[in-house]
Amino acid sequence: NPVSVAEGKRLYGATDCALCHGKDGDGKGVLAKDISMNLHDWRKPESLAQFTDGELSYLILKGKGRMPAYDGREAPEQVWQIVNYIRSMPASGDAPKS
């Protein structure tokens, strides 16, 4: 729902997601550029089609490669709000608007 997506957007910016994944989910965040990470562009439906919601949640909780784990730093409900926000990105054809 819109409230969950809005809270997910806030968390996405507040929990360092944007530093690597980009403010708008383009995968070109400041840290990603600095350490030559090649990240998915979450604004593209084909990027999101590669993952189930459960897989996205698991990646956020457990981390992968250079991505740190957020298990214990974010409550399960907050992780799902971030997943909802990420899923909302391609709905507007680009990044969601505030």
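Shown above is the structure to which this text applies.
Residues numbered from 1 in each chain as written. Predicted model: local features only at pLDDT ≥ 70, side-chain atom pairs only at ≥ 80, totals over all residues. Heavy atoms only, no water.

**Q** So what about the pattern of salt bridges? Which residues, and what values?
**A** Taken as a whole and judged by the stated rule, the model has four salt bridges. For the salt bridge of D41 with R43, the shortest nitrogen-to-oxygen distance reads 2.8 Å. A salt bridge links D71 to K62; its shortest N-O distance comes to 3.1 Å. Owing to a relative accessible area of 45%, K62 belongs among the partly exposed residues under this scheme. (Salt bridge = Lys/Arg side-chain N within 4 Å of Asp/Glu carboxyl O. Buried < 20%, exposed > 50% of the residue type's maximum accessible area, 1.4 Å probe, protein only.)

**Q** With reference to specific residues and values, describe the nonpolar core.
**A** Y12, W42, L56, I60, I82 and I86 are the most contacted members of the largest nonpolar core, which totals 17 residues. Those elements that place two or more of their residues in this core are α1 (2-14), α2 (17-21), α5 (53-62) and α6 (76-88). Sorting elements by how many residues they give to this core places α6 first, with five residues. Among all residues touching I60, those that are not within four sequence positions of it are M67, P68, A69, Y70, D71, V79, I82, V83 and I86. (Core = buried A, V, L, I, M, F, W, Y, C linked by side-chain atoms within 4.5 Å. Helix = DSSP H or I, 4+ residues; strand = E, 2+ residues; numbered from the N terminus. Contact = heavy atoms within 4.5 Å.)

**Q** Quick one: what's the story with α1, residue by residue and with numbers?
**A** For α1, with 13 residues, the first-to-last C-alpha span of 18 Å sits near the 18 Å given by 1.5 Å per residue. For α1, the full list of buried residues reads S4, G8, L11 and Y12. Looking down the long axis of α1, one finds its buried residues gathered within 105° of arc, a one-sided arrangement. What points out from α1, more than 90 degrees from its buried face, is the exposed set P2, V3 and G13. Where the residues of α1 are buried, they touch α2 and α6. The N-cap residue of α1 is N1: its side-chain oxygen and the backbone nitrogen of V3 are 3.0 Å apart. Remark: D16 follows α1 within two positions and exhibits a positive phi of approximately 80°. (Expected span 1.5 Å × (residues − 1). Arc of directions from axis to C-beta. Polar contact = N/O pair within 3.5 Å; in protein donor to acceptor, adjacent residues only side chain to side chain.)

**Q** Which residues make up α6, and what values do they have?
**A** Between its first and last C-alpha, α6 extends 19 Å over 13 residues, near the 18 Å set by a 1.5 Å rise per residue. Next to the buried residues of α6 lie α1, α2, α4 (45-48) and α5.

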